[in-house]
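# Overview (structure and organization)
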Amino acid sequence: MHKYLKTTLTAKLPRLAATLALGLGLAGGALIPASAETLKIGVIAPLTGPAAPWGLAISEGAKILARDYNAKGGLDIGGKNYKLEIVAYDDHYKAQDAISAYQRLVTYDGVKYIAVAAGVSTFAIKPKIEEDKVVVMTAGYVAELLDAKSQHMYRMWGIPADYYPAIYRWLKDNTKERRVVLISPDDESQREMVGLSEKLLKQNGYNILGTQMYEKSLRDFLPLLTKVLAQKPEIIDLGGTAPASAAVETLARDYLSIRIWGAPATISLAEAEPSLTS
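In this text the structure is predicted, and so the values were computed from the model without any measurement.

## A look at the sheet that holds strand β3 (residues 80–90)
With respect to topology, six strands assemble into an open sheet ordered β2-β3-β1-β4-β5-β6, the strand pairing being mixed. Because the sheet does not close on itself, it has two edges, and the strands there are β2 (75–77) and β6 (153–155). Sheet twist, expressed as the mean angle between neighbouring strand axes with direction ignored, is 30°. Sheet topology note: the strand β4 (residues 113–116)/strand β5 (residues 135–138) ladder contains four bridges and is parallel. If you follow Tyr113 over to β5, its bridge partner there is Val135. Where helix α2 (residues 52–71) meets the sheet, its contacts fall on β1 (38–45), β2, β3 and β4, and the angle it forms with β3 comes to roughly 160°. Each of β1, β3 and β4 is contacted by helix α3 (residues 95–108), which is oriented at about 175° to β1, the strand it contacts most.

## Observations concerning the packing of aromatic side chains
Taken as a whole and assessed by the stated rule, the structure comprises two aromatic pairs. Relative to Tyr164, the ring of Tyr163 lies with its centre 5.5 Å away and its plane at 70°, an arrangement referred to as edge-to-face. Exposure remark for Tyr163: the relative accessible area of 24% places this residue in the partly exposed category. Among the residues examined, Tyr164 registers a relative accessible area of 10% and is labelled buried. For the pair Tyr164 and Tyr168, a centre-to-centre distance of 5.8 Å together with 75° between the ring planes defines the contact as edge-to-face. Taken together, the positions of Tyr164 and Tyr168, both in helix α5 (residues 160–174) and four residues apart, correspond to about one turn of that helix. On the basis of relative accessible area, Tyr168 is assigned to the buried category, the value being 4%. Within the aromatic cluster, the residues linked to one another by ring pairs are Tyr163, Tyr164 and Tyr168. Above the plane of the ring of Tyr206 lies Arg178, whose end atom (NZ or CZ) is 4.6 Å from the centre.

## Quick notes on the pairing of β1
Counting buried residues in β1 gives eight out of eight residues, a clear majority hidden from the surface. Alternating residues of β1 divide into Thr38, Lys40, Gly42 and Ile44 and Leu39, Ile41, Val43 and Ala45, and every residue in both groups is buried. By the bridge criterion, eight bridges tie β1 to β3 in an arrangement that is parallel. Paired with Val43 across the two strands is Ala88, which belongs to β3. Note: β1 against β4, three bridges, orientation parallel. Residue Gly42 lies in a different strand from β4, and its bridge partner there is Ile114.

## Digging into the pattern of salt bridges
Any two side chains of opposite charge can pair, so long as their charged atoms come close to each other. Considering all chains together, one arrives at five salt bridges under this definition. For Asp147, the salt bridge goes to Lys126, with nearest N and O atoms at 2.8 Å. In this pair, Asp147 sits in the loop between β5 and β6 while Lys126 sits in helix α4 (residues 119–132), placing the two residues 21 residues apart along the sequence. Overall, Asp147 belongs to the partly exposed group, its relative accessible area being 38%. Residue class for Lys126 comes out buried when judged on its relative accessible area of 18%. Linking Lys128 and Glu131 is a salt bridge whose minimum nitrogen-to-oxygen distance equals 3.4 Å. Of the two residues, Lys128 and Glu131 both sit in helix α4, three residues apart, roughly one turn of that helix.

Rules used in this analysis
Residues numbered from 1 in each chain as written. Predicted model: local features only at pLDDT ≥ 70, side-chain atom pairs only at ≥ 80, totals over all residues. Heavy atoms only, no water. Pairing = 2+ DSSP bridges. Helix = DSSP H or I, 4+ residues; strand = E, 2+ residues; numbered from the N terminus. Axes fitted to C-alpha atoms, helices over the stretch in contact; angles between N-to-C directions. Contact = heavy atoms within 4.5 Å. Phe/Tyr/Trp six-rings, centres within 6.5 Å; stacked < 30°, edge-to-face > 60°. Buried < 20%, exposed > 50% of the residue type's maximum accessible area, 1.4 Å probe, protein only. Lys NZ or Arg CZ within 6 Å of the ring centre and 35° of its normal. Salt bridge = Lys/Arg side-chain N within 4 Å of Asp/Glu carboxyl O.

This is the structure in structure tokens:
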């Protein structure tokens, strides 16, 4: 199993279970399960493509949770046990596909509780969430996803602004390299993360040589990496680059001796240095 997927499943499942259960309780009014004893929970996530490791962690994690609850007689809600059924749809990390998945979950499957993996997908369905009174747990990182009008949407975890400052301070104190290039997919969530990274890198004395944003559909990273290497970086910050793009990390780190930071690397640092996540 990919290390990022394994880490996400083991670290996030208890929180996902708790937040979904909290969402059920906060929905208000009587529960309306799809059948007399079955409660359907929807998942909208990228299940194929470069971002699949993130989406699969959520969809498969939810299925593991459902299986565990069902083996114990179901999820107790208000003194009644419900059998859990997970209904997952692939949004391909695209807004329009997320809208289609949401409409099918709500109108066809009768789902009232949904976990959404991507910020771009959450933004796409946000106008309908409050109107339909569907409880949504989002893994999206964009700070503006939730606002004063968000009565039915909740976060699975914190946003980068909550923990990036501590990470970059730790990196400043524990690495000597200072010449950095940022590489990241180009979407609203990642642009916000890159902007925060650039700000924190400058504050911590790093020399940003450039920032390369690429389309999420990109498969051949060699031209992009060639352009980046011409800038002679000591560090490549992959930010929110999907684990499926690990070829960039492998080539730069193993063959060119360039230090790599990014989503999988950040997890490794957090495992090695508990103060990062405390």
